[in-house]
Structures are given as C-alpha cells and as structure tokens.
Amino acid sequence: MKRVLISGAAGQIGYSLVYRIASGEMLGMNEPIILHLLEIPPMLNALKGVEMELDDCAYPLLQGIVTGSDPKALFDGVDIAILVGAKPRGKGMERKDLLQDNGKIFVEQGRAIHGKNMKVLVVGNPANTNALVLAHNAKDLPKENIRSMMRLDQNRAITQLAKKANVSVTDVKRVAVYGNHSPTMVPDYCNAMIQGKRATDVIQDMKWLQGDFMTAVKKRGTAIIEARGLSSAASAANAAIRSMQDWVFPTPKDDFFSAGVYDSKKDLFFGTAMHDQKVVSNLKLDPFLEEKLKETEKELIEEREGVRQYL
Ligand code: NAD
Ligand code: LMR
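Below is a summary of the structure that appears in this document. Since the structure is predicted, the reported quantities are computational estimates derived from the model, not experimental observations.

Here the focus is the site of ligand 2. As a matter of local geometry, ligand 2 sits amid Pro88, Arg89, Arg95, Asn125, Leu152, His181, Gly221, Ile224, Ile225, Ser231, Ser232 and Ala236. Take the shell around ligand 2: its biggest share by element is 3 residues, from helix α9 (residues 220-228). When grouped by side-chain class, the residues that make up the shell around ligand 2 number 5 nonpolar, 5 polar and 2 charged. There are two domains that each give the shell around ligand 2 at least three residues, and those are domain 1 (2-148) and domain 2 (151-310).

Below you can see the structure in the form of structure tokens.
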C-alpha cells in the first residue's frame, strides 16, 4: 500500500493526474493506493468534486482518499508526493516570474514534511528553484529524496528527434535535458541514440540540432500557452507519472532519463541524466552544449539568489 500526495489536486494538472494514479497506471496494478489531496481552502469545494468523481470510478486499487488544506496533516505518512500546487504562468511571462509567489508555498510545505523516506517530485514552477526551497526547509528529508521534473522536456525532445528521423518515439533513447526547466535548458543531441546509432549520425543536420530542435524543446511550454491560453496539463501530468516510474522502477539497459537532482557542490537542482537512480557522469558534450550548460547554471544561481530569504 502506498500513500500518494498530490498538491494542487483540483487544478488543471491535478485533474489529469489523480485518476491515472488511482487507476494503478503509475505504480502498477498490484499496488493499492491511498490518495492525499492537498489544496488551498478556497478550492476545497472543487476538490470535493474531484473526490466524488474518484468515488464514481470505483477503482479497485484505491483504498482511501484524504483531502484538506493543512500540509502538516496531509503529509503525514506519505510515501510519494507530487507537488503541483502553485500558480501557472500566463502569456508573456517566464517561469521565473512566479518565483516570489510560488517559492513561499515550498517553504511552508518543506516545513510540513517529517518523513525521511518520502520521495518528493516538484512540478510547480519554477520547479528547480522551488525544489531547492523545499530542500532547505524540509530538514529531516535527505535532499536525494527530492527531484524537480525534467521529464516533460525529455519527452518533448524525444518526439522532436523521432519526427525528424521519421522513426517511432520508442526508437529514440538516452535523451537527457540538463539544467533549468526554463528557456536555458540544454537538450543533449550529442548522446541521444536513434535505433542504436548516434542521433547526430542519423540526422546529420547540426544546424537543425543546434537551432530548431533546441528552440522547439526550450520554447514548447510557451507555444502551448499561446495556443491553449493555459499551460500544459495533460502532458505535464503524464511526465509526472513517468518521473515517478523512472524513480521506482529499473531503467532499461539501453536508456536513461532526466530529472532535476540536488548538486551539493553547487547547491542547485540541476537537470541531469540518470540511470537506475545514479547520475550518468561520463557523458561527453560538444563545445556548443558546454557553453549552454554555463548559461543554464548561471540562471539557476540567479534564481537561487532571488529567493535567498526562503532558504
Ligand atoms: P492550476 O492553477 O490549474 O492549478 C494549480 C492548483 O494549485 C490550484 O488548484 C491551486 O488552488 C493549487 N494551489 C495553489 N497554492 C497551493 C498550495 N499552497 N497548496 C496546495 N495547492 C495549492 O495550475 P496547473 O496548470 O495545474 O499548474 C500547476 C503548476 O505546475 C504551475 O506552477 C505550472 O507552471 C507548473 N507546471 C510545471 C511543469 C513542469 O514541467 N515542471 C509543467 C506544467 C506546469
Ligand atoms: C511547461 O513547460 O509546459 C510548463 O513548465 C508550463 C509553462 O509555464 O511553460
């Protein structure tokens, strides 16, 4: 039995996420689940509706639902927490514009966490720096138990490469996205593989890899906001589920995944390539990507300094 907390459960991503988790899609069909759904007081009525619909699904694995707005009570006994609850950006904003408002949420939630074993995935933006705020405030929780989400960026990069090479997404492996979940993120075309060959050998178009490919991945969140008038939700929920599967299940031999993990030397959550919960450290990049890594690190440092008061 696993207790799974979702914050912001009555929001857009929450509505795409809770039913898939309750159905068993995230942890498998042999793992009963108790959902802990955290919301702010004005949304508790909407959350009641989410709860009613969960009841009406009659999911065999769903053993209970706890709802409320008190983080201390809701985090109690939780095994997995997916922290979505935060303001989304609108048109013309960058994710870091949310830092002051959303950072506060992660101070409060960090202080409310008392388990040493909980796995916490931060989705609310700006996710890397919110994860840092949480890590500094959750004194009992090892920092390795906190990740910020990079899976959506990884999935976006996989699809762009698959379309360009005219192959299935399942043919594309070892796609890492480094650094910040922001326009400075660094999708790695150097180490990506397509049908067992280097992506750079299959695509042979460095102008596209360093240009349109990188831009499409970096700017995808903005493109979705422009098209939908709202930020990504279904694909974000999907990436949250995949991130947890990346964390609790073995990584396929010929693949790796991306997650924002704590770098203790830098005191930053940095998007990193991972295999079986270990950082993949022997990856070579070209000078172009090396330069981009510096830019994304610089931005993460600036974000951290912007929330010094929360650390
Ligand atoms: P939304 O506004 O539809 O839902 C957010 C929900 O969070 C709301 O119901 C709100 O009441 C709730 N909330 C706010 N403060 C809370 C708190 N302190 N405790 C609990 N709940 C709280 O927004 P959304 O579209 O679901 O997006 C949520 C967040 O996820 C945004 O910050 C968005 O930018 C981010 N996001 C991140 C990624 C990623 O890849 N990391 C992808 C998509 C969206
Ligand atoms: C995304 O990448 O879709 C999310 O981070 C939402 C956003 O603000 O772009």
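Turning next to the sheet that holds strand β13 (residues 268-275). Read from one edge of the open sheet, 9 strands run β3-β2-β1-β4-β5-β6-β12-β13-β14, paired in mixed fashion. The outermost strands of the open sheet, each flanked by one partner alone, are β3 (62-68) and β14 (278-279). Of the pairings in the sheet, the one linking strand β5 (residues 119-122) to strand β6 (residues 146-149) comprises 3 bridges and is parallel in character. By the bridge assignment for β6, Val120 is matched with Ile146. Together, β5, β6, β12 (257-263) and β13 form the strand contacts of helix α5 (residues 127-137), whose direction differs from that of β6 by roughly 165°. Of the strands in this sheet, β6 and β12 are in contact with helix α6 (residues 151-165), which crosses β12 at around 145°.

A few words now on the nonpolar core. Ile6, Val18, Ile82, Val122, Val123 and Ala240 are the most contacted members of the largest nonpolar core, which totals 89 residues. In terms of residue count, the dominant contributor to this core is α5 (6 residues). For this core, the two domains that each supply at least three residues are domain 1 (2-148) and domain 2 (151-310). When sequence neighbours within four positions are dropped, the list of residues in contact with Val123 reads Ile13, Ile82, Leu83, Val84, Met149, Ala236 and Ala240.

Below, the discussion takes up the sheet that holds strand β7 (residues 172-173). Strand order in this open sheet of 3 strands is β7-β10-β11, and the pairing throughout is antiparallel. Pairing within the sheet leaves two strands with one partner each, and these edge strands are β7 and β11 (197-198). Where strand β10 (residues 193-194) and β11 come together, 2 bridges link them in antiparallel fashion. Across the sheet, residue Ile194 finds its bridge partner in β11, namely Lys197.

Running from N to C, helix α1 (residues 12-23) and helix α10 (residues 234-248) point in directions that differ by 40°, and their axes come no closer than 8 Å. Judged on the interaxial angle alone, α10 and α1 are oblique. In this structure, the crossing between α1 and α10 has a hand that is right-handed. Facing α1, whose interface residues are Ile13, Ser16, Leu17 and Arg20, α10 presents Ala234, Ala236, Ala237, Ala240 and Ile241. The residue inventory of the contact of α1 with α10, partitioned by class, reads 7 nonpolar, 1 polar and 1 charged.

Here we come to the environment of Arg95. As for its position among the elements, Arg95 is in the loop between β4 (80-83) and α4 (99-112). The exposure class assigned to Arg95 is buried, which follows from the 24 C-beta atoms found within 10 Å. Residues Arg95 and Tyr15, spaced 80 residues apart in sequence, show a C-alpha to C-alpha distance of 21 Å.

Turning to the site of ligand 1, a few remarks are in order. Around ligand 1 sit 29 residues in total, of which Gly8, Gly11, Gln12, Gly85 and Ala236 are the nearest. Sorting elements by how many residues they give to the shell around ligand 1 places α1 first, with 3 residues. Broken down by class, the residue content of the shell around ligand 1 amounts to 15 nonpolar, 11 polar and 3 charged. When residues of the shell around ligand 1 are assigned to domains, at least three fall in each of domain 1 (2-148) and domain 2 (151-310).

Thresholds applied
- Residues numbered from 1 in each chain as written.
- Chains lettered and ligands numbered in written order.
- Predicted model: local features only at pLDDT ≥ 70, side-chain atom pairs only at ≥ 80, totals over all residues.
- Near = placed C-beta within 6 Å.
- Helix = DSSP H or I, 4+ residues; strand = E, 2+ residues; numbered from the N terminus.
- Nonpolar A, V, L, I, M, F, W, Y, C, P; charged D, E, K, R; others polar.
- Domains from an automatic or database assignment.
- Pairing = 2+ DSSP bridges.
- Contact = placed C-beta atoms within 7 Å.
- Axes fitted to C-alpha atoms, helices over the stretch in contact; angles between N-to-C directions.
- Core = buried A, V, L, I, M, F, W, Y, C linked by C-beta atoms within 7 Å.
- Buried ≥ 20, exposed ≤ 12 C-beta atoms within 10 Å, placed from the backbone.
- Parallel < 35°, antiparallel > 145°, perpendicular 65-115°, else oblique.
- Left-handed = near helix turned anticlockwise from the far one by under 90°.

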